[in-house]
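Next come the chains, spelled out residue by residue.
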Amino acid sequence: TGRPVPSPEVGRALRGMLMGGAVALQRNDLATAATKFGEARALCQAHAMPAEEASTLIALASLALAAGARDRAVQAYQEAIAVSRDAKLHPVTCQAWMGLGGTFLAAGRHGDAGAAYARAADAAKEGNVPLLRVEGLRLAGSCALMMGDERGALAAWQTAVDEGAAEP
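Residues numbered from 1 in each chain as written. Predicted model: local features only at pLDDT ≥ 70, side-chain atom pairs only at ≥ 80, totals over all residues. Heavy atoms only, no water.

A. Here's a closer look at the overall build of the chain. On a plain count of helices and strands, the chain comes out with 8 helices and 0 strands. At 17 Å, the chain has a C-alpha radius of gyration in line with the 15 Å of a compact globule built from 168 residues. Across its three principal directions, the C-alpha atoms of the chain cover 55 × 35 × 25 Å. Split into buried and exposed, the 168 residues of the chain put 39% on the buried side. Of the contacts made within the chain by residues no fewer than 6 positions apart, 46% connect residues no fewer than 24 positions apart. Here the chain has roughly 8,900 Å² of accessible surface; of this, 56% comes from carbon and sulfur atoms. Charged side chains of the chain number 16 positive and 17 negative; the gap between the two group centres comes to 4 Å. (Helix = DSSP H or I, 4+ residues; strand = E, 2+ residues; numbered from the N terminus. Rg over C-alpha atoms; globule rule 2.2 N^0.38 Å. Buried < 20%, exposed > 50% of the residue type's maximum accessible area, 1.4 Å probe, protein only. Contact = heavy atoms within 4.5 Å. Areas by Shrake-Rupley, 256 points an atom, 1.4 Å probe, with all protein chains shown as cover. Lys, Arg positive; Asp, Glu negative; His and termini not counted. Charge placed at Lys NZ, Arg CZ, Asp CG, Glu CD.)

B. Spotlight on the packing of helix α7 (residues 130-146) against helix α8 (residues 150-165). The N-to-C vectors of α7 and α8 enclose an angle of 165°; their axes lie 7 Å apart at closest approach. Comparing the axis directions of α7 and α8 gives the class roughly antiparallel. Read as a crossing pair, α7 and α8 show a hand that is left-handed. Residues R133, V134, L137, R138, G141, S142, A144 and L145 of α7 form the contact with α8, whose own contacting residues are E150, G152, A153, A156, W157, T159, A160, E163 and G164. (Axes fitted to C-alpha atoms, helices over the stretch in contact; angles between N-to-C directions. Parallel < 35°, antiparallel > 145°, perpendicular 65-115°, else oblique. Left-handed = near helix turned anticlockwise from the far one by under 90°.)

C. Just the environment of V134, in detail. Following the sequence through the fold, V134 ends up in helix α7. The class of V134 is partly exposed, set by a relative accessible area of 24%. In the structure, V134 is positioned 13 residues away from A121 in sequence and 7.0 Å away in space, judged by C-alpha atoms. Not counting residues within four places of it along the chain, the set of residues in contact with V134 comprises A160 and G164.

D. The arrangement of helix α4 (residues 70-86) in detail. The end-to-end C-alpha separation of α4 is 24 Å, in line with the 24 Å expected for 17 residues at 1.5 Å each. Every buried residue of α4 is accounted for by A73, V74, A76, Y77, A80, I81, V83 and S84. Immediately downstream of α4, the backbone of K88 shows phi near 60°, a positive value. (Expected span 1.5 Å × (residues − 1).)

E. Fine view of unusual backbone geometry. Look at A48: it is not a glycine, yet its phi comes out positive at around 50°. Looking at the element boundaries, A48 is found in the loop between α2 (30-46) and α3 (50-66). The residue N128 is not glycine, and still its phi comes out positive at about 55°. We classify N128 as exposed; its relative accessible area is 64%.

F. Here's a closer look at the pattern of salt bridges. Enumeration according to the criterion identifies 7 salt bridges in this entry. Linking R12 and E9 is a salt bridge whose minimum nitrogen-to-oxygen distance equals 3.8 Å. Here R12 and its partner E9 are both found in helix α1 (residues 8-26), 3 residues apart, which amounts to about one turn of the helix. Measuring nitrogen to oxygen at the nearest pair gives 2.8 Å for the salt bridge that ties E79 to R41. Of this pair, E79 sits in helix α4 while R41 sits in helix α2, and the two are 38 residues apart along the sequence. Its relative accessible area of 18% is what places R41 among the buried residues. Connected via shared salt-bridge partners are R41, E53 and E79. (Salt bridge = Lys/Arg side-chain N within 4 Å of Asp/Glu carboxyl O.)

Okay, structure coming up:
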């Protein structure tokens, strides 16, 4: 995250847990990966590292999706949103909303997906990340179209075009 960890020991422990989770994931050992990422999250909570905690929750959500545990993925994304929002980590909040939107979209929940993508766009605006803002609006518009709301789709897309065109 570019921010210092509380101590070298905490940094080593966190890197070890995350690396252990990544190696387990590479071996398709989802249970071990979940355990390692869960340990990393607990360490982040214990040492007040919200950026790392939220990122670990996003990893846990992705892992849950890979394991077919959609409800657990939704829960992890929602927790990541709460942690990152409270810490005013808008780009991370945006990423978590995008992940949640994708989870809903895969489940055919177009209304929920569109709402999540719109929230991602809002978080991107707060964090001054114009490309993510445009992508959130584009996806929100696509979801609106999937639900038969052409007017809503066009409004979202026009906003994306207008705001994107205003960027260098």
